[in-house]
Amino acid sequence: MTQKNRARPSAPLTRVERDSMGELQVPAEALWGAQTQRAVQNFPISGRPMPPGFVHALGLVKAAAAQVNAELGLLPKGIARAVRAAALEVAEGRHDAQFPIDIYQTGSGTSSNMNANEVIATLAARAGKAQVHPNDHVNLGQSSNDVIPTALRVSAQLATVERLLPALKHLRKTIDRRGKALDKVVKTGRTHLMDAMPLTFGQEFSAWSAQLASAQARIEDSLKRLRRLPLGGTAIGTGINADPRFGGKVAKALTTLTKARFDSADNKFEGLAAQDDAVELSGQLSALAVALTKIANDLRWMNAGPLAGLGEIELPALQPGSSIMPGKVNPVIPEATVMACAQVMGYHAAITVAGQSGNFQLNVTLPLIAANLLDGIGLLSNAMRLLADSAIAGLKVRRDNVSRALDRNPILVTALNPVIGYEQGAAIAKQAYRQGRPVLEVAMEVTGLPEKTLGPLLDPALLAKGGIHGKLGGGGG
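Residues numbered from 1 in each chain as written. Predicted model: local features only at pLDDT ≥ 70, side-chain atom pairs only at ≥ 80, totals over all residues. Heavy atoms only, no water.

Peer 1: In this structure, what is going on with the overall build of the chain? I would like to understand it.
Peer 2: Counting its secondary structure elements, the chain contains 18 helices and 10 strands. On C-alpha atoms alone, the chain measures out to a radius of gyration of 31 Å, which is more than a quarter above the 23 Å that the 2.2 N^0.38 rule sets for 477 residues. On the principal axes, the C-alpha backbone points of the chain span a range of 105 × 65 × 35 Å. Within the chain, the proportion of its 477 residues that are buried is 49%. (Helix = DSSP H or I, 4+ residues; strand = E, 2+ residues; numbered from the N terminus. Rg over C-alpha atoms; globule rule 2.2 N^0.38 Å. Buried < 20%, exposed > 50% of the residue type's maximum accessible area, 1.4 Å probe, protein only.)

In structure tokens form, the structure reads like this:
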């Protein structure tokens, strides 16, 4: 056999790495080391690694820590520069595939912390051509017990500020714009799913906008507590092996890096043992999901038909609605929104249970809380933009259907209560409904009052503004 045809030796599939428990085979091309590999083998549970946003936050924390340790004279500047640069590569998402550990791992997130330490140490060593130790250098002044709850807060804060709140504001702006355009279009109101007094589409949309404004205010308020970082508390909150200035300086460095505000927690024990601020944000996400579900279901009801339902609006036709019924088109975006919201409410239930699991000095469900928070923020952010752009922005009002139902709405007689009394009003309403006639026509017949007297009282546009006798009326719905 000639040299040309001779088979080339294949590259090794694994390499040997060592940790305090001994030697372990690690994939040859992996940037991680033995502790990460042990975790990969120990937790084959969901097949889902930690969300990229969490991994990126870990990179930011490690970059800020290296910078501060160098400023404090605790880490050689050359190593610190290499670690910071490698950590920023992680923060930029350039090494997401190097973070394979399952969400369902050790409850402190130690495995994910060591995953970051090992990957960053490998990258820094290659770049700086010097030995970089994952524990002694990358993890200097830190513990998994304060790094992971810090990364949890950083990732959730950034996701909320950069994705959730902009999407929420976009949805609200879209609703306000459509509401303004439809502010003079009067429709039948509904309570208990039954006909009620009239209002305008603008008024109906204003309720949605107000719900979102309230949700935004609650979320923004919760961020005041979420931005308190426990880094510097190390193992249990006492700050063992960390410079007393470390936590405060890292919080400032993270603020500079991200342009989002972070503070050093006054009480590091709370930040490690309790995740109440994360539970609070999760609760606000659940409340936002409730508001979005209400909006989505209103759209579904208003769109129902086109013939046998309310048929007040027509949502954009996005795709065929049936594999068997030709021509059917469904409200797919509101439906998808409802499902996303249901999932977020489920995430909150899990986060609430997880938040209770702070035994003594450490909560031991941190990866679950982080993953569910980020997944929930992502779901709501995407759903809100779709709801705005693919449903509300392009909906059309079916004015003929709206006017037809409004003209025959027997509840309009409510406006006559101050003039003819409740009992006679009820009789007129029942007769108008029974005979399928306009309320004005029946009221003129029963009361003998002229149209010039009754007409303004029963004008839907005036009733949507409270009516002529709006200040005199009373009664319940």
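The discussion continues.
Peer 1: How should I be thinking about the packing of aromatic side chains in this particular structure?
Peer 2: One pair of aromatic rings is described through two measures. These are the centre distance and the angle between the planes. As enumerated under the stated definition, the model contains two aromatic pairs in all. Where Phe201 meets Phe205, the ring centres are 6.3 Å apart and the plane angle is 90°; that geometry is what we call edge-to-face. Taken as a pair, Phe201 and Phe205 lie in helix 7 (residues 201–226) at a separation of four residues, close to a single helical turn. Looking at Phe205, the relative accessible area reads 1%, which means it is buried. When the centroid spacing of 4.6 Å and the interplanar angle of 20° are considered together, the rings of Phe205 and Trp208 count as stacked. (Phe/Tyr/Trp six-rings, centres within 6.5 Å; stacked < 30°, edge-to-face > 60°.)

Peer 1: What is the right way to look at the packing of helix 1 (residues 34–42) against helix 4 (residues 110–128) in this model?
Peer 2: When two helices pack together, their arrangement is given by the angle between their axes and by how far apart the axes lie. Taken N-terminus to C-terminus, the directions of helix 1 and helix 4 make an angle of 140°; their axes are 8 Å apart at the nearest point. By the angle between their axes, helix 1 is oblique relative to helix 4. Note that helix 1 runs across helix 4; the crossing there is left-handed. Residues Ala34, Gln35, Thr36 and Ala39 of helix 1 touch helix 4, and the partners they reach there are Ser111, Met114, Asn115 and Glu118. (Axes fitted to C-alpha atoms, helices over the stretch in contact; angles between N-to-C directions. Parallel < 35°, antiparallel > 145°, perpendicular 65-115°, else oblique. Left-handed = near helix turned anticlockwise from the far one by under 90°. Contact = heavy atoms within 4.5 Å.)

Peer 1: Got a minute to help me understand the packing of helix 4 against helix 6 (residues 144–181) in this structure?
Peer 2: Orientation of helix 4 relative to helix 6, taken along the N-to-C sense of each, is 90°, at an axis distance of 9 Å. On the basis of their axis angle, the class for helix 4 and helix 6 is roughly perpendicular. Contacts between helix 4 and helix 6 involve Thr110, Ser112 and Asn113 from the former and Ser144, Val147 and Ile148 from the latter. Looking at the contact of helix 4 with helix 6 residue by residue, the classes come out as two nonpolar, four polar and no charged. (Nonpolar A, V, L, I, M, F, W, Y, C, P; charged D, E, K, R; others polar.)

Peer 1: Would you explain the side chain of Arg38 in this entry?
Peer 2: Inspection of the secondary structure puts Arg38 in helix 1. When its relative accessible area of 18% is taken as the criterion, Arg38 is described as buried. At 2.7 Å, the side chain of Arg38 and the side chain of Asp19 are in polar contact. Not counting chain neighbours up to four residues away, the residues in contact with Arg38 comprise Asp19, Met21, Gly22, Glu23 and Leu24. (Polar contact = N/O pair within 3.5 Å; in protein donor to acceptor, adjacent residues only side chain to side chain.)

Peer 1: What exactly am I supposed to notice about the nonpolar core here?
Peer 2: Across soluble globular proteins, you tend to see nonpolar side chains buried next to one another. Judged by nonpolar contacts, the single largest core of 104 residues is most densely connected at Leu288 and Leu380. With 14 residues, the single largest contributor to this core is helix 6. Those residues in contact with Leu288, other than ones at most four positions away along the chain, are Leu164, Leu168, Leu212, Ala215, Ile219, Leu380 and Met384. Counting 15 residues, the second-largest nonpolar core is a separate cluster that includes Ile420, Val439, Leu457 and Leu463. (Core = buried A, V, L, I, M, F, W, Y, C linked by side-chain atoms within 4.5 Å.)

Peer 1: When you look at the side chain of Asn69 in this model, what are you seeing that I'm missing?
Peer 2: Within the secondary structure layout, Asn69 lies in helix 2 (residues 52–71). The exposure class assigned to Asn69 is buried, which follows from its relative accessible area of 1%. A polar contact of 3.1 Å, which involves the side chain of Asn69, links it to the backbone oxygen of Leu140. Excluding residues that lie within four positions of it along the chain, Asn69 makes contacts with Leu74, Leu75, Leu140, Gln142 and Phe246.

Peer 1: Teacher, can you tell me more about the pairing of strand 2 (residues 22–27) here?
Peer 2: Taken together, the six bridges between strand 1 (residues 14–19) and strand 2 define a ladder with antiparallel strand orientation. Looking across to strand 2, one finds that Val16 is bridged to Gln25. Counting the residues in the hairpin turn of strand 1 and strand 2 gives two residues. (Pairing = 2+ DSSP bridges.)

Peer 1: Help me out: how do you make sense of the pattern of salt bridges in this one?
Peer 2: For the coordinates displayed, the defined rule picks out 20 salt bridges. We note a salt bridge from Glu204 to Lys187, for which the minimum N-O separation is 2.7 Å. Here Glu204, found in helix 7, pairs with Lys187, found in strand 3 (residues 186–191); they are 17 residues apart in sequence, far enough to count as distant. Each of the two residues, Glu204 as well as Lys187, counts as buried. The shortest N-O distance in the salt bridge between Lys224 and Asp221 comes to 3.3 Å. (Salt bridge = Lys/Arg side-chain N within 4 Å of Asp/Glu carboxyl O.)

In short, shape yes, function no, at least from these values alone.
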